[in-house]
Amino acid sequence: SDGYMDSMQPGAPLINGALLQRRMDIELYLRHAIMKKEFNLVYQPVVDISTNCVVGLECLLRWDNDNVGYVPPSEFIAIAEESGLIHEIGEWVLREACRQNRKWQLAGLPPMFVAVNLSRKQFNDCRLSGTIAAILEETGLEPKYLELEITESLSVEARLAADTLGKLKELGLRIAMDDFGTGYSSLGYLRDLPMDKIKIDQSFIKGLQHGQVNAIIVSTMLTMAKQLNLAVVAEGVETEEELQVLREYGCCFVQGYYYSKPVEVRHIEEMLYQLA
Ligand code: C2E
Ligand code: CA
Ligand code: CA
Ligand code: CA
């Protein structure tokens, strides 16, 4: 939930002045961040655990500003959404990720998909599929190498969401449901929307070898995904023990610190050249 709005509910204490100031500063500097080239994408490998090959890369946005310092996406994305800046920022991320992936392919690296996080507001924008079609055209990236990650908290009617997803899928790209299992309507989304993949939320992976409940949930998700013909990525895999359990349950793809943190372009390039 949104801490800022929570504190404005009746009976809650007055909002902390310093916090409000920070929020206003972030919004102010966020406004010029693209022009000032303050954004950067880092990439985290998605690995096929049977071959140890990198099959894809999730791009994650980073922002460093001289005045407010480094601000994590968990903080600034919400502010970008509320201020409407997310459209411009999201488009920058999409273009940059597609451009970069095409560049790697032209350099002769093995082709991989790039996964881009979409915010709810972007998803609700009726121009989205047009924008993405234009970006694919402009960068020359084949649509099958682009994956869009959406979360379950899409605040749109299922029918509208299905229309939007239908248009996106007509372009030939893939849709992954991010943070799977954390929303209250995950299964309803799976039933109603044309998904290609689920990404099991990291909270289910943490200490998987110890927790009976997580183990049951994860193995059930894997069985269900298989029957629904959905690909699965386990997120937040940090240890050999977690990986071992996932292997036993037949999970094929993982992402997490065990293999690699999200890294800068030049490091990803080194990693990919070594694998190529
Ligand atoms: P997410 O999409 O669920 O991304 C995964 C987050 O988990 C990333 O945090 C990543 O650094 C972190 N992570 C990956 N592996 C591990 C692990 O093994 N252990 C732990 N503890 N963490 C791991 P990050 O980069 O701080 O991003 C946080 C969230 O911000 C993302 O969650 C995503 O929802 C959002 N975000 C990031 N970039 C973008 C973007 O370009 N657009 C939008 N709309 N949202 C973004
Ligand atoms: Ca994601
Ligand atoms: Ca996630
Ligand atoms: Ca998340």
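Right, let's walk through the structure included here. (Residues numbered from 1 in each chain as written. Chains lettered and ligands numbered in written order. Predicted model: local features only at pLDDT ≥ 70, side-chain atom pairs only at ≥ 80, totals over all residues. Heavy atoms only, no water.)

## Observations concerning the coordination of the calcium ion (ligand 3)
Rules: Keep in mind that water is not among the atoms, so a site may look incomplete; donors are the N, O and S atoms within 2.8 Å of the metal, or 3.2 Å for Na, K and Ca. Exposure classes here rest on a 1.4 Å probe applied to the protein chains alone. A residue is buried below 20% of its type maximum, exposed above 50%, and partly exposed in between.
Looking at the calcium ion (ligand 3), one finds its protein donor set to be Asp178 (OD), Asp179 (OD), Glu235 (OE) and Glu235 (OE), positioned 2.2 to 2.8 Å from the metal centre. Here the calcium ion (ligand 3) and the calcium ion (ligand 2) are spaced 4.1 Å apart, and both take aspartate 178 as a donor. The class of aspartate 179 is partly exposed, set by a relative accessible area of 27%.

## Description of the pairing of strand β4 (residues 113-117)
Stated precisely, the cut-off is as follows: Starting at the N terminus, helices and strands are each numbered in turn, a helix being any DSSP run of H or I of at least four residues and a strand any DSSP run of E of at least two. Between any two strands, at least two bridges found by DSSP are needed for them to pair.
Buried residues dominate β4, accounting for four of its five residues. Strand direction decides the pairing type here: β4 and strand β5 (residues 146-150), joined by four bridges, are parallel. Paired with valine 114 across the two strands is leucine 146, which belongs to β5.

## A look at the pairing of strand β6 (residues 174-180)
Burial of β6 is extensive: five of the seven residues sit out of reach of the surface. Here β5 runs beside β6; their pairing, made up of four bridges, is parallel. Among the inter-strand pairings, glutamate 147 is bridged to a residue of β6, identified as arginine 174.

## Some points on the nonpolar core
Condition: Residues belong to a common nonpolar core when they are buried Ala, Val, Leu, Ile, Met, Phe, Trp, Tyr or Cys residues joined through side-chain atoms within 4.5 Å. When checking whether two residues touch, look at their non-hydrogen atoms; a contact exists if any pair is within 4.5 Å.
Core analysis: the biggest nonpolar cluster contains 72 residues, and Leu30, Leu146 and Leu148 have the highest contact counts within it. Ranked by residues supplied to this core, first place goes to helix α4 (residues 86-106) with seven residues. If near-sequence neighbours (up to four positions away) are discounted, leucine 148 is found in contact with Leu94, Val116, Leu118, Ile132, Leu168, Leu173, Arg174, Ile175 and Ala176.

## Quick notes on the side chain of serine 260
By the element assignment, serine 260 lies in the loop between β9 (253-254) and α12 (265-275). For serine 260, the contacting residues outside a window of four places in its chain are Gln44, Pro45 and Met271.

## Some thoughts on the pattern of salt bridges
Rule in force here: When a carboxyl oxygen of Asp or Glu lies within 4 Å of a side-chain nitrogen of Lys or Arg, that pair is called a salt bridge.
Summed over the entire model, instances satisfying the criterion amount to 17 salt bridges. A salt bridge links aspartate 196 to lysine 169; its shortest N-O distance comes to 2.9 Å. Of this pair, aspartate 196 sits in the loop between α8 (186-192) and β7 (197-200) while lysine 169 sits in helix α7 (residues 158-170), and the two are 27 residues apart along the sequence. Given a relative accessible area of 22%, aspartate 196 falls into the partly exposed group. The class of lysine 169 is partly exposed, set by a relative accessible area of 27%. We note a salt bridge from glutamate 238 to lysine 206, for which the minimum N-O separation is 3.4 Å.

## Describing the site of ligand 1
Convention followed: Being near a molecule or strand, for a residue, means having at least one of its heavy atoms within 4 Å of it. Polar contacts, as counted here, are pairs of nitrogen or oxygen atoms within 3.5 Å of one another; within protein the pair requires one atom able to donate a hydrogen and one able to accept it, and residues that are adjacent in sequence qualify only if both atoms are side-chain atoms. To be clear on the numbers: accessible area is Shrake-Rupley with a 1.4 Å probe, and residue cover counts the displayed protein chains and nothing else. Residues are grouped as follows: Ala, Val, Leu, Ile, Met, Phe, Trp, Tyr, Cys and Pro are nonpolar; Asp, Glu, Lys and Arg are charged; every other residue, Gly included, is polar.
Lining the immediate surroundings of ligand 1 are 22 residues, of which Gln44, Arg62, Gln202, Glu238 and Tyr257 lie closest. At 3.0 Å from a nitrogen atom of ligand 1 is found a side-chain nitrogen or oxygen belonging to glutamine 44. Protein burial of ligand 1: of its 800 Å² of free accessible surface, 81% is covered by the chains. At the level of elements, β2 (53-65), α3 (73-83) and β6 are the ones that each hand at least two residues to the shell around ligand 1. With four residues, the top contributor of residues to the shell around ligand 1 is β2. Here the shell around ligand 1 is composed, by residue class, of nine nonpolar, six polar and seven charged.

## A look at α4
Threshold: Take the number of residues in a helix, subtract one, and multiply by 1.5 Å to get its expected span. Here, the arc refers to the directions that run from the helix axis to the C-beta atoms.
Between the first and last C-alpha of α4 there are 30 Å, a value that for 21 residues agrees with the 30 Å anticipated at 1.5 Å per step. Ile86, Ile89, Gly90, Val93, Leu94, Ala97, Cys98, Gln100, Asn101, Trp104 and Gln105 are the residues of α4 that are buried. Buried residues of α4, seen end-on, are gathered within an arc of 165° and therefore sit on one face of the element.

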